[in-house]
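Chain by chain, the residues run as shown.
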Amino acid sequence: MNIRTRLTVIFFALFAVLLSIILGAIYYFSADYRKEDFYRRLKNRAINTAMVLTDIKEVNADLLRRMEHNNPASLPGQYILIYNEKNEMAYHSQGLPVVNVDTALLNRVRRENEIAYHGDKFEVLGFMVNNRHHSFAVIAAATDVYGLDALQNLRHVIIITFFISMLIVIVLAWFFAGRVLRPISAIVKQVGNITELNLNRRLDEGNKRDELSKLAQTFNHMLERLQRAFVAQKHFIANASHEIKTPITVMSAEVEVSLLSPRDEAYYIRVLRSVLNGLRGLNGLSSRLLMLAQASSDEPELNFDVIRIDDVLWEMKAELLKAFPEYVVDINFGMNLNADHLALDGDEQLMRVAMLNLMDNGCKYSDANTVHIYLESNTTQRLTITFKNTGKGIGPDYIDRIFEPFYRAKNATLIKGSGIGLSLVHRIIQLHGGNVSVTSVPGHTTEFIVELTVHKEDR
Ligand code: ADP
């Protein structure tokens, strides 16, 4: 069942119940009123008759019968019976009795003082009338022709009203459900037209206030994120191809030139060295790309353990200095730092890559080949590691995109690199539930600040 049909059915059912209750109540109270009113009138008529019979000496039963018969105020089919204390009939109306009166009925009237019931076609009322000397049981019956007619008419009106109202409700509910759902249908249609080729399309956000407009806005935000990711992916592939193609082109050109004519041994050695360099660069790039791909996968393979970040830093410093003896890595520990602050939950292999990259960059982009590392902690839970170096720094136009793969700032023009390192660092720190940020004052200092959660014994 689609939503439109479901809404219509719910609306219909609710209205049917509500209308039934209202119309039912109207009918019930009208029927009740008719009965009460009729019994009241019947009783008045019967009391009148009984009073005339018992109080006015000059009137006998025959005269009273005639008076009653000719009285225009008599009720349709009115028949009155009056019994004395000995259950002897003291009076009865003209014609055939319409109600069977026996001793049990009279006793009941005496016992209960007043009874009323609906006999066959007649409403019957029995009650006691007492005067100074006697007490009479009066049984009065009549048909409420007009009242029952009116009630039947009301019943017809109610049934017709009910069905017409329900018909109108179905039509209106169907129409309004359609109207309410129209924006959803529009959204469905618009979304259906969006493919990977036109991710720049956006949904109509309507009045920007109601829920559907909020849905469209949320969808548009999602499209924006998707588009960004898609563009980043495209750039990534283009950049990766470029990074791989450039050294390959350079190497093939060198080899082609050397093959043009016979060369001396020194020339070949120079070319081979250059090719080896290029191959090493390509090898480094491919392993970084592989690592980035692994770290960025939905379920990266992580070997989490308790690691000591100070050990990692010392080891990476030693490794870096082996490759670049001219580099200076200055590691400083904050005053209030103790061993507990240096233990982290993490993947040691990945953490080594992140720390090495930040250390290497600090020296590489520093005008003095020097990086200063500060470990601090203001709380028991977080450790901050700052990598600080002087140098050209990163301009404000570049700094927002510095963690994107292959993105390099202006200060890197003359420095070797591929632009993969920081994106790898960012992803690794993210996988450790930490945060990495950068501040740079061009021409002065650049700081990369890594925040990590320290290991908790009871965790
Ligand atoms: P790569 O160093 O291979 O270019 P990275 O991803 O490590 O790639 O760095 C991206 C860019 O960020 C660098 O090209 C450089 O412009 C800038 N950068 C990174 N680290 C520093 C730093 N410590 N000081 C100044 N600039 C930096």
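Refer to the structure above for everything that follows.
In every chain, residue numbers begin from 1 and rise along the written sequence. The model is predicted, so local features are restricted to residues of pLDDT at least 70 and side-chain atom pairs to those at 80 or more, both for listing and for counting; the totals for chains, interfaces and linings are taken over all residues. The basis for every side-chain value is the complete set of non-hydrogen atoms in the structure, without hydrogens or water.

On to the pattern of salt bridges, then. In the sections that follow, a salt bridge refers to a side-chain nitrogen of Lys or Arg positioned within 4 Å of a carboxyl oxygen of Asp or Glu. Within this structure, the stated rule accounts for 15 salt bridges. E112 serves as the salt-bridge partner of R108, at 3.5 Å between the closest nitrogen and oxygen. On the criterion of helical spacing, the pair formed by R108 and E112 is a turn pair, its members being four residues apart in helix 3 (residues 103-112). Owing to a relative accessible area of 41%, E112 belongs among the partly exposed residues under this scheme. Salt bridges sharing common partners tie together R34, D37, R40, R41, E123 and D144. Numbering of helices and strands starts at the N terminus; helices are DSSP runs of H or I of at least 4 residues and strands are runs of E of at least 2. Residue exposure (1.4 Å probe, protein chains only): buried if accessible area is under 20% of the type maximum, exposed if over 50%, otherwise partly exposed.

The next point concerns the nonpolar core. Within the largest apolar cluster, 51 residues are counted, with the highest numbers of intra-cluster contacts made by I309, M355, I373, L375, I385, F387 and I429. Looking at this core, the element that brings in the most residues is helix 9 (residues 348-364), giving eight residues. The contact definition used throughout considers only heavy atoms, calling two residues in contact when any of these lie within 4.5 Å. Dropping the residues within four chain positions of it, L375 is found in contact with I309, L313, I331, N332, F333, G334, L337, L342, L383, T384 and I385. Y39, A46, L53 and Y91 belong to the second largest nonpolar core, which has 21 residues in total. For this analysis, a nonpolar core means a set of buried residues of the types Ala, Val, Leu, Ile, Met, Phe, Trp, Tyr and Cys, connected via side-chain atoms within 4.5 Å.

For a helix, the expected span equals 1.5 Å multiplied by the residue count minus one. Taking 1.5 Å as the rise per residue, helix 9 with 17 residues should run 24 Å; its terminal C-alpha atoms sit 24 Å apart, in good agreement. With 13 of 17 residues buried, helix 9 is to be regarded as a mostly interior element. Two to three positions downstream of the cap, the backbone nitrogen of Q349 sits 3.0 Å from a side-chain oxygen, assigning the N-cap of helix 9 to D347. In the analysis that follows, any N or O atom pair within 3.5 Å is treated as a polar contact, provided that within protein one partner can donate a hydrogen and the other can accept it, and provided that, for residues neighboring in sequence, both atoms belong to side chains.

A word on the packing of aromatic side chains. Aromatic pairing here means that ring centres of Phe, Tyr or Trp (its six-membered ring) are within 6.5 Å. Orientation follows from the plane angle: under 30 degrees is stacked, over 60 is edge-to-face, and everything else is tilted. Within this structure, the stated rule accounts for nine aromatic pairs. Measuring from centroid to centroid gives 5.3 Å for Y28 and F29, while their planes differ by 75°, and the two rings are edge-to-face. For the residue pair Y28 and F29, the accessibility class agrees, reading exposed in each case. Here Y398 and Y407 contribute two aromatic rings whose centre-to-centre distance is 6.3 Å and whose plane-to-plane angle is 50°, an arrangement assigned as tilted. A residue is classified by how much of its surface remains accessible, and Y407, at 18% relative accessible area, is buried. Over the ring of W174 we find R4; its NZ or CZ atom is 4.1 Å from the centre of that ring. Cation placement over rings: the criterion is NZ of Lys or CZ of Arg within 6 Å of the ring centroid and within 35° of the ring normal.

Here strand 11 (residues 435-440) shows a buried face lined by V436, V438 and S440 and an unburied face lined by N435, S437 and T439. Two strands qualify as a pair provided that DSSP identifies no fewer than 2 bridges between them. Pairing analysis gives six bridges linking strand 11 to strand 12 (residues 445-453), with the strands arranged antiparallel. From the neighbouring strand, V438 faces strand 12, where its bridge partner is F448. Count of turn residues in the strand 11/strand 12 antiparallel hairpin: four residues, of which G443 carries a positive phi of about 90°.

The next thing to look at is a nonpolar patch on the surface. There is a patch of nonpolar side chains on the surface, built from I160, I164, I168, L172, F175 and F176 and spanning about 570 Å² of accessible area. With respect to the secondary-structure elements, I164 resides in helix 4 (residues 145-192). For I164, a relative accessible area of 47% corresponds to the partly exposed category. The patches reported here contain residues having more than 30% relative accessible area and no salt bridge. Joining distances are 9 Å for like charges and 5 Å for nonpolar side chains (Val, Leu, Ile, Met, Phe, Trp, Tyr). Areas reported as accessible are Shrake-Rupley estimates using a 1.4 Å probe. Residue values count occlusion only from the protein chains shown.

Let us now look at helix 7 (residues 309-323). Spanning 15 residues, helix 7 covers 21 Å between terminal C-alpha atoms, matching the ideal 21 Å at 1.5 Å per step. Here helix 7 has its buried residues at I309, D310, V312, L313, M316 and L320. The buried side chains of helix 7 occupy one side of the element, clustering within an arc of 150° when seen end-on. Comment: arc refers to directions from the helix axis out to C-beta atoms.

The strands making up a sheet are joined through hydrogen bonds of the backbone, oriented either antiparallel or parallel. Taken together, five strands build an open sheet; the order of strands is 2-1-5-4-3 and the sheet is antiparallel. Of all the strands in the sheet, just strand 2 (89-92) and strand 3 (114-118) have a single pairing partner and so form its edges. Taken over all neighbouring pairs, the strand axes of this sheet differ in orientation by 15° on average, direction set aside. Two strands pair when backbone bridges link them, and strand 1 (residues 79-83) and strand 5 (residues 135-142) are joined in this way by five bridges, in the antiparallel orientation. The residue of strand 5 that forms the bridge with I80 is A140. Axis geometry follows a simple rule: fit a line to the C-alpha atoms, using only the stretch in contact for helices, then measure angles between N-to-C directions, giving values from 0 to 180 degrees. Taken strand by strand, helix 1 (residues 3-55) contacts strand 1, strand 2, strand 3, strand 4 (123-130) and strand 5, and its axis lies near 40° from that of strand 4. Sheet contacts for helix 3: strand 1, strand 3, strand 4 and strand 5; angle to strand 3, the most-contacted strand, approximately 130°.

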